[in-house]
Amino acid sequence: MAGIICETSGEIGWLVIDRPTHRNALTTAMWRELPRVVEHLDADDAVRVIIMRGAGEAAFAAGADILELQQMGDDPDALAAFEHDFEAAQASIENASKPVIAAVRGPCMGGGMALALACDMRIAADDASFAIPAARLGLGYAAPAVARLMRVVGAANAFEVLATARRLSASEAMRMGLITQVTDPESVFAQATKTAEQIARNAPLTVRAAKATIAALVRDRTLLRDAEMLIAQCGQSADFAEGRKAFAEKREPRFQGR
């Protein structure tokens, strides 16, 4: 049965879009389920980094289920409910206190690309492709999703992506700054895991403060006070003491997140 799978492995939480028979296109139920899974992983003290991927090897996510959208027709209530669920899913990823990495193999289209853009990092296979086909469907793309795209690739590139609706290769996405790493298809999940493990070894409070500060500076300056509080907590933390001690003793630090 299609859904959003939640798995944990050590300090890594996996969020898997599980509908491989439909190239991981998300149903209405899956959009609604996704924030609950993100919240669960974000609240798990054992998890330090979250990786989002598509089930199987054929696609990250083909976006929203077009047949469901067709069934909504011109019903304004149904369309409004979909827009709410669509934005809530993206916001849940963006607002998670822990870093979220998108591991992309195959097509990452429409709503799938919107989810990837809500992540803190995107690592892709060289067979990955990216597109927002709203202009081919006559669909207006929601402002919050456009804002996420602009923050990652800039205004001119965002306009090109939206107005041409063309499919970007992994190399083009890399040049735009849409993705941060490219690897071969067989290694993409291992590479995402390696990056997640590198992050997980570092002080969790520092990583959290870094994410919060970046969010405040690029999204909402009203969040800056909260970010500054997190920065101050780092300086008073047991992890800071452990980091200094480990440096003096020339050993790897053992951070506890407090």
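Here's what I pulled together on the structure shown here. Just so it is clear, the model here is predicted, and its values are computed rather than measured.

**Examining the sheet that holds strand S7 (residues 129–131)**
Here is step 1 of the chain: The strand order across the open sheet formed by three strands is S5-S7-S8, and the pairing between neighbours is mixed. Edge positions in the open sheet fall to strand S5 (107–109) and strand S8 (168–169), since each of these has one partner strand only.
Here is step 2 of the chain: Note: S5 against S7, three bridges, orientation parallel. Following the sheet pairing, Cys108 is matched in S7 by Phe130.

**Considerations on the sheet that holds strand S1 (residues 3–9)**
Here is step 1 of the chain: The strand order S1-S2-S3-S4-S6-S9 describes an open sheet built from six strands, whose pairing is mixed. With partners counted over all chains shown, the strands left at the sheet margins are S1 and strand S9 (181–183), one partner each. For this sheet, the mean inter-axis angle between neighbouring strands, taken without regard to orientation, is 20 degrees.
Here is step 2 of the chain: Direction of pairing for strand S6 (residues 121–125) relative to S9: parallel, over a ladder of three bridges. Bridge pairing in S9 links Ile123 to Gln181.
Here is step 3 of the chain: On top of the sheet, helix H1 (residues 28–43) reaches S1, strand S2 (12–18) and strand S3 (49–54); it is set at about 15 degrees to S1, its chief contact.

**Quick look at the side chain of Ser237**
Here is step 1 of the chain: Along the chain, Ser237 falls in the loop between helix H11 (224–235) and helix H12 (238–249).
Here is step 2 of the chain: Judged by its relative accessible area of 10%, Ser237 is buried.
Here is step 3 of the chain: Within the structure, Ser237 has its side chain in polar contact with the backbone oxygen of Cys234 (distance 2.8 Å).

**Points about the pairing of S3**
Here is step 1 of the chain: With six of six residues buried, S3 is to be regarded as a mostly interior element.
Here is step 2 of the chain: Residues Val49, Ile51 and Arg53 point to one face of S3 and Ile50, Met52 and Gly54 to the other, with burial holding for every one of them.
Here is step 3 of the chain: Pairing geometry for S2 and S3, over six bridges, is parallel. Within the sheet, the bridge partner assigned to Ile12 lies in S3 and is Val49.
Here is step 4 of the chain: One crossover worth recording links S2 to the parallel S3 by way of H1, and it is right-handed.
Here is step 5 of the chain: Sheet topology note: the S3/strand S4 (residues 100–104) ladder contains three bridges and is parallel.

**Things to note about the packing of helix H10 (residues 204–218) against H11**
Here is step 1 of the chain: Direction vectors running N to C along H10 and H11 enclose 160 degrees, while the axes themselves pass 8 Å from each other. As the angle between them shows, H10 and H11 are arranged roughly antiparallel. Between H10 and H11 lies a crossing of left-handed hand. Across the interface between the two elements, Leu205, Thr206, Arg208, Ala209, Ala212, Thr213, Ala216 and Leu217 from H10 touch Leu224, Ala227, Leu230, Ile231 and Cys234 from H11.
Here is step 2 of the chain: Considering only residue class, the contact of H10 with H11 consists of ten nonpolar, two polar and one charged.

**Concerning unusual backbone geometry**
Here is step 1 of the chain: Even without glycine at this site, Arg23 takes up a positive phi of about 55 degrees.
Here is step 2 of the chain: Within the secondary structure layout, Arg23 lies in the loop between S2 and H1.
Here is step 3 of the chain: You will see that Ala165, though not glycine, has its phi angle at about 55 degrees, which is positive.
Here is step 4 of the chain: By the element assignment, Ala165 lies in the loop between helix H7 (155–164) and S8.
Here is step 5 of the chain: Look at Ala165 and you get buried, because its relative accessible area is 6%.

**Observations concerning the pattern of salt bridges**
Here is step 1 of the chain: For the structure on display, the rule yields 15 salt bridges.
Here is step 2 of the chain: Taking the shortest distance from any N to any O, the salt bridge between Asp65 and Arg19 comes out at 2.7 Å. Residue Asp65 is located in the loop between S3 and helix H2 (66–72), and its partner Arg19 is located in the loop between S2 and H1; the two are separated by 46 residues in the primary sequence. Arg19 carries the same exposure label as Asp65, and that label is buried.
Here is step 3 of the chain: Of the charged contacts, one joins Glu57 and Arg105 as a salt bridge, the two residues approaching to 3.9 Å between their closest N and O atoms. Placement of the pair is Glu57 in the loop between S3 and H2 and Arg105 in the loop between S4 and S5, with a sequence separation of 48 residues.

Definitions and limits used
- Residues numbered from 1 in each chain as written.
- Predicted model: local features only at pLDDT ≥ 70, side-chain atom pairs only at ≥ 80, totals over all residues.
- Heavy atoms only, no water.
- Pairing = 2+ DSSP bridges.
- Helix = DSSP H or I, 4+ residues; strand = E, 2+ residues; numbered from the N terminus.
- Axes fitted to C-alpha atoms, helices over the stretch in contact; angles between N-to-C directions.
- Contact = heavy atoms within 4.5 Å.
- Buried < 20%, exposed > 50% of the residue type's maximum accessible area, 1.4 Å probe, protein only.
- Polar contact = N/O pair within 3.5 Å; in protein donor to acceptor, adjacent residues only side chain to side chain.
- Right-handed = clockwise from strand over helix to strand, strands pointing away.
- Parallel < 35°, antiparallel > 145°, perpendicular 65-115°, else oblique.
- Left-handed = near helix turned anticlockwise from the far one by under 90°.
- Nonpolar A, V, L, I, M, F, W, Y, C, P; charged D, E, K, R; others polar.
- Salt bridge = Lys/Arg side-chain N within 4 Å of Asp/Glu carboxyl O.

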